[in-house]
Amino acid sequence: MLAEVREGFGRTPKELPPKYFYDAPGSRLFEEITRLPEYYLTRTELGLLKAWIPGWLGDWRPRSFVELGAGSAEKSRLVLDAMTAENERALYVPVDLSEPTLDETARRLRAEYPGLDVAPVVADISTNFEFPRALPRPVLYAFLGSTLGNFKRPRAVALLSRIRKTMRPSDRFLLGADLKKDVATLEAAYNDARGVTAAFNRNILRVLNRELGADFDVMAFEHRALYDAEAAWIEMHLVSSRDQEVTIPGLGAFRFVKGEPIRTEISCKYDRESVTDLFTAAELEIEEWKTDSENLYALALASPSFS
Ligand code: AVI
């Protein structure tokens with residue numbers, strides 16, 4: 001963590017890796033975000049999964065389901081229901097950074113689905129983590145919630161390529177992707193009226209205080225989220241509300257001038273073309289592309305390409 005913060009604070013503007021949002025309070029705040037009226041992503045994705053998963057998994061029945069960033073696996077139930085519909089045995093591999101969340105998820109799912117083997121993997125998917133290979137085929141890999149959008153292109157392509165390398169011809173990859181749309185809708189989703197996203201954003205500084213002994217005055221940084229249309233991403237910042245100095249033991253003192261931002265997250269927004277572009281770079285090709293009636297969000301089901 002110290003090395004990553006050193007690297008991020010060496011940039012202009014300073015940056016922090018968004019994975020550090022998700023300690024226990026941060027994960028609870030994120031769950032709250034997913035239920036906000038402005039944050040249409042989660043409920044729209046759920047509607048699409050409900051509409052399309054039973055049909056897709058009825059025709060092609062995977063025996064393993066590997067889910068990246070699984071968290072509490074709420075949306076995963078739709079896939080698990082379809083996989084276990086005919087009392088067949090199935091394997092679920094939830095992959096997440098948080099061991100306590102995974103343990104709890106595994107405990108609940110084992111009780112709920114008697115025919116399901118649950119083999120959680122604690123891993124940081126933003127690094128070079130190796131995917132399990134010896135899995136009953138076919139395998140459905142999934143990365144939902146538009147979390148791929150929190151990765152810049154090189155990391156997104158690297159992650160997709162790592163998934164692709166483990167795929168056999170009968171396997172599929174399912175991506176949830178938030179779509180480009182009017183700026184007002186996008187910015188409202190990251191600037192909710194109740195200030196939950198602001199609390200979520202600031203929480204990263206509490207994590208640094210607790211884990212690294214830093215002395216951020218958390219309330220002296222303001223939440224800001226803006227859409228950059230050229231990059232096609234939302235940028236979340238914490239903006240210093242005054243001139244101040246922060247000490248991070250092991251890294252030293254950092255001066256902030258009033259108005260100086262720390263970039264805490266990017267959240268890329270896609271269209272079919274940009275998803276195709278990422279997939280092509282990773283040797284994947286879109287088999288199914290489904291959007292909701294308002295064109296807010298998409299599910300892309302992809303197969304490995306062999307060109
Ligand atoms: C997890 N990820 C897809 C969320 C997003 O929309 O980029 C994280 C988030 N940040 C602010 N609100 C939600």
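So, about the layout of surface pockets. Estimates place the volume of the second largest pocket at around 200 Å³. Together, Phe-151, Arg-153, Ala-156, Lys-180, Ala-231, Ala-232, Cys-268, Lys-269, Tyr-270, Ser-274, Asp-277 and Leu-278 line the second largest pocket. Counting only elements with at least two residues in the lining of the second largest pocket, the list comes to α6 (153–166) and α9 (272–281). At three residues, the largest contribution of residues to the lining of the second largest pocket is made by α9. Residues of the lining of the second largest pocket, tallied by class, amount to seven nonpolar, one polar and four charged.

All right, on to the side chain of Lys-181 then. With respect to the helices and strands, the residue Lys-181 is situated in the loop between β7 (172–178) and α7 (183–189). In this structure Lys-181 comes out as buried when scored by relative accessible area, which is 16%. Looking at Lys-181, its side chain comes within polar contact range of the main-chain oxygen of Leu-179, at 2.4 Å. A polar side-chain atom of Lys-181 sits 2.9 Å from the main-chain carbonyl oxygen of Leu-296. In this structure, Lys-181 is in contact with Tyr-40, Leu-186, Asn-295 and Leu-296, ignoring residues within four places of it in sequence.

For the rest of this paragraph, the subject is the pattern of salt bridges. In the structure shown here, the tally under the stated rule is 25 salt bridges. Across the pair Glu-4 and Lys-19 runs a salt bridge whose closest N-O atoms are separated by 2.8 Å. Of this pair, Glu-4 sits in helix α1 (residues 2–9) while Lys-19 is found in the loop between β1 (14–15) and α2 (24–34), placing the two residues 15 residues apart along the sequence. Between Glu-104 and Arg-107 there is a salt bridge, and its shortest N-O distance comes to 2.9 Å. Pair noted here: Glu-104 and Arg-107 are both in helix α5 (residues 99–112), with a separation of three residues, about one helical turn. One connected set of salt bridges, linked through shared partners, spans Glu-7, Arg-11, Glu-15, Lys-152, Glu-235 and Arg-263.

In the vicinity of the ligand lie 14 residues, with Tyr-39, Asn-150, Tyr-190, Glu-265 and Ser-267 positioned nearest. The contact in question runs from an oxygen atom of the ligand to an N or O atom on the side chain of Tyr-190, over 2.5 Å. One of the side-chain N or O atoms of Glu-265 is found 2.7 Å from a nitrogen atom in the ligand. Burial of the ligand by the protein chains amounts to 98% of its free accessible area of 340 Å².

With that out of the way, let us pick up the packing of α6 against α9. In a pair of packed helices, the angle between the axes and the distance between the axes together describe the arrangement. At a closest axis distance of 8 Å, the pairing of α6 and α9 adopts a crossing angle of 55 degrees. Viewed along their axes, α6 and α9 adopt a mutual orientation that is oblique. Relative to α9, the crossing made by α6 is right-handed. Across the interface between the two elements, Arg-153, Ala-156, Val-157, Leu-160 and Ser-161 from α6 touch Asp-277, Leu-278, Phe-279 and Ala-281 from α9.

Quick look at α5 now. Taking 1.5 Å as the rise per residue, α5 with 14 residues should run 20 Å; its terminal C-alpha atoms sit 20 Å apart, in good agreement. All of the buried residues along α5 are Leu-102, Thr-105, Ala-106 and Leu-109. One face of α5 carries all of its buried residues, which in axial projection span an arc of 100 degrees. Exposed residues on α5 whose side chains face more than 90 degrees from its buried face are Pro-100 and Ala-111.

The buried fraction of strand β3 (residues 90–96) is high, at seven of seven residues. Of the two faces of β3, the one holding Ala-90, Tyr-92, Pro-94 and Asp-96 and the one holding Leu-91, Val-93 and Val-95 are both buried throughout. Direction of pairing for strand β2 (residues 64–68) relative to β3: parallel, over a ladder of five bridges. In the sheet register, Glu-67 faces β3, and the bridge partner there is Pro-94. In this structure, β3 lies alongside strand β4 (residues 116–118), joined through three bridges in parallel fashion. Pairing of Leu-91 across the sheet is with Asp-117, part of β4.

Conventions adopted
Here the residue index of a chain counts from 1 through its sequence in written order. Predicted model: local features are reported for residues with pLDDT of at least 70 only, side-chain atom pairs are reported and counted for 80 or more only, and whole-chain, interface and lining totals are derived from all residues. Just so you know, side-chain values use all the structure's heavy atoms and leave hydrogens and water out. Points on a 1 Å grid, built from protein atoms alone, make a cavity when a 1.4 Å probe fits but cannot get out and make a pocket when they are open with protein on both sides within 12 Å along at least 5 of 7 lines; residues with an atom within 4 Å of a point are the lining residues. Grid points are joined across faces, edges and corners, and a volume is the space filled by probe spheres set on the points. Only DSSP runs of H or I reaching four residues or more are called helices, and only runs of E reaching two or more are called strands; each is numbered from the N terminus. All residues other than Ala, Val, Leu, Ile, Met, Phe, Trp, Tyr, Cys, Pro, Asp, Glu, Lys and Arg, Gly among them, are scored as polar; the first ten of these are nonpolar and the last four charged. Each residue's exposure class comes from its accessible area (1.4 Å probe, protein chains only) as a fraction of the maximum for that residue type: buried when under 20%, exposed when over 50%, partly exposed otherwise. Here a polar contact means two N or O atoms within 3.5 Å. Within protein one must be a hydrogen donor candidate and the other an acceptor candidate, and residues neighboring in sequence count only if both atoms are side-chain atoms. Residue contacts follow a heavy-atom distance rule, with two residues in contact if any of their heavy atoms lie within 4.5 Å. Only one rule defines a salt bridge in this text: a Lys or Arg side-chain nitrogen within 4 Å of an Asp or Glu carboxyl oxygen. To be near a molecule or strand, a residue needs just one of its heavy atoms within 4 Å of it. All accessibility values rest on the Shrake-Rupley procedure with a 1.4 Å probe; residue burial counts only the protein chains present in the view. For every element, the axis is a line fit to its C-alpha atoms; helices are fit only across the contacting stretch, and the angle between N-to-C directions ranges from 0 to 180 degrees. Working rule for angles: under 35 degrees goes down as roughly parallel, over 145 as roughly antiparallel, 65 to 115 as roughly perpendicular, anything else as oblique. Two helices that cross are described as forming a left-handed crossing if the nearer one is turned anticlockwise from the farther one by less than a right angle, and a right-handed crossing if clockwise. Multiply 1.5 Å by the residue count of a helix minus one, and that product is the helix's expected span. To be clear, the arc concerns the directions from the helix axis to the C-beta atoms. Should DSSP find at least two bridges between two strands, the strands are taken to pair.

Any functional reading would require information that these geometric values do not contain.
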